[in-house]
Amino acid sequence: MPRFMKTSDRRGNVRQAVERILDNYLAMSNHRRTPERYAILRAVYSINGHFTLDELGEKLVTEYKFPVSRGTLYNTLNLFMELRLVIRHRFQGTTKYEACYAADNHCHQICTVCGKVTEVKSPEIAEAIKSMKLKRFRKDGFSLYIYGICSTCQAAITRQKNNQKAK
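Residues numbered from 1 in each chain as written. Predicted model: local features only at pLDDT ≥ 70, side-chain atom pairs only at ≥ 80, totals over all residues. Heavy atoms only, no water.

Asker: Looking at this structure, how should I read the pairing of strand β2 (residues 94–99)?
Answerer: Side-chain positions along a regular strand alternate between the two faces of the sheet. Where strand β1 (residues 86–91) lies against β2, six bridges are found, and the strand directions are antiparallel. Considered in β2, the bridge of arginine 88 is made with tyrosine 97. The loop that links β1 with its antiparallel partner β2 comprises two residues; one of these, glutamine 92, has a positive phi angle of about 40°. (Pairing = 2+ DSSP bridges. Helix = DSSP H or I, 4+ residues; strand = E, 2+ residues; numbered from the N terminus.)

Asker: Even after reading the chapter, I still don't get the pairing of strand β3 (residues 106–111), so can you show me in this structure?
Answerer: When you tally the buried positions in β3, you get five out of six residues, the bulk of the element. Here β3 runs beside strand β5 (residues 143–148); their pairing, made up of six bridges, is parallel. In the strand pairing of β5, histidine 106 is matched with serine 143. Pairing of β3 with strand β4 (residues 117–120) involves four bridges; the strand directions are antiparallel. Bridge pairing in β4 links glutamine 109 to threonine 118. (Buried < 20%, exposed > 50% of the residue type's maximum accessible area, 1.4 Å probe, protein only.)

Asker: Looking at this structure, how should I read the packing of helix α3 (residues 53–62) against helix α4 (residues 70–82)?
Answerer: For any two helices packed against each other, the geometry is given by the interaxial angle and the distance between the axes. Between α3 and α4, whose axes approach to 10 Å, the crossing angle comes to 110°. One finds that α3 runs roughly perpendicular with respect to α4. Of the two possible hands of crossing, α3 and α4 adopt the one that is right-handed. For the pair formed by α3 and α4, the contact residues are Leu53, Asp54, Leu56, Gly57 and Leu60 on the first element and Arg70, Leu73, Tyr74 and Leu77 on the second. (Axes fitted to C-alpha atoms, helices over the stretch in contact; angles between N-to-C directions. Parallel < 35°, antiparallel > 145°, perpendicular 65-115°, else oblique. Left-handed = near helix turned anticlockwise from the far one by under 90°. Contact = heavy atoms within 4.5 Å.)

Asker: Looking at this structure, how should I read the pattern of salt bridges?
Answerer: It is possible for side chains of opposite charge to pair when their charged atoms get near one another. Under the definition given, this model contains five salt bridges. Between arginine 15 and glutamate 19 there is a salt bridge, with its nearest N and O atoms 3.4 Å apart. Of the two residues, arginine 15 and glutamate 19 are both situated in helix α1 (residues 7–28); the distance of four residues between them amounts to about one turn of the helix. Relative accessible area serves as the criterion here: at 40%, arginine 15 is assigned to the partly exposed category. Residue classification places glutamate 19 among the buried residues on the basis of a relative accessible area of 15%. Its salt-bridge partner being glutamate 19, residue arginine 42 comes within 3.0 Å of it at the nearest N-O pair. Residue arginine 42 is found in helix α2 (residues 35–46), and its partner glutamate 19 is found in helix α1; the two are separated by 23 residues along the sequence. (Salt bridge = Lys/Arg side-chain N within 4 Å of Asp/Glu carboxyl O.)

Asker: What is the right way to look at the environment of glycine 49 in this model?
Answerer: For glycine 49, the location among the structural elements is in the loop between α2 and α3. As for glycine 49 and glutamate 98, which are separated by 49 residues in sequence, their C-alpha atoms are 6.0 Å apart. Discounting residues that sit within four places of it in the chain, glycine 49 has contacts with Tyr97 and Glu98.

Asker: Explain the packing of α2 against α4 here, please?
Answerer: Viewed as axis vectors pointing N to C, α2 and α4 meet at an angle of 70°, and their least axial separation amounts to 10 Å. In terms of orientation, α2 lies roughly perpendicular with respect to α4. Along the contact surface, α2 presents Glu36, Arg37, Ile40, Leu41 and Val44, while α4 presents Thr72, Leu73, Thr76, Leu77, Leu79 and Phe80. For the contact of α2 with α4, the residue count by class is seven nonpolar, two polar and two charged. (Nonpolar A, V, L, I, M, F, W, Y, C, P; charged D, E, K, R; others polar.)

Quick look at the structure:
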């Protein structure tokens, strides 16, 4: 996709592409094309970044006026993961999802104290993984997790230590 394309145009192209993938899969598998599946797909691709099952359900209710059961959300996201339209992350006891079609590979910084997750772009890591030679394995993408302590938590820990020393 050209870099000069507007974000809204890019999103529209991505949405059309993922809907085509879903259409083709449902037709080939003789599954029904339900409005729930398409509403969930649109909601997923309108979210920037990571989301939980509950956040997705809330978005469907508030923005799309389309309430969907938790079971339907879970089963539909599993289908989307199978189609490689969504990726699931397990961050420190929390399960989050992310739209992944036409997404850049990226790294996640995860604070082991507060659980905050931040995405990091690293062209050096992306290039290193791209140039890796793997036996009998085709690389489609990657996601890297880097664990540590964020600056906010580091500052809080330092203040706590200083307060203890002062006492």
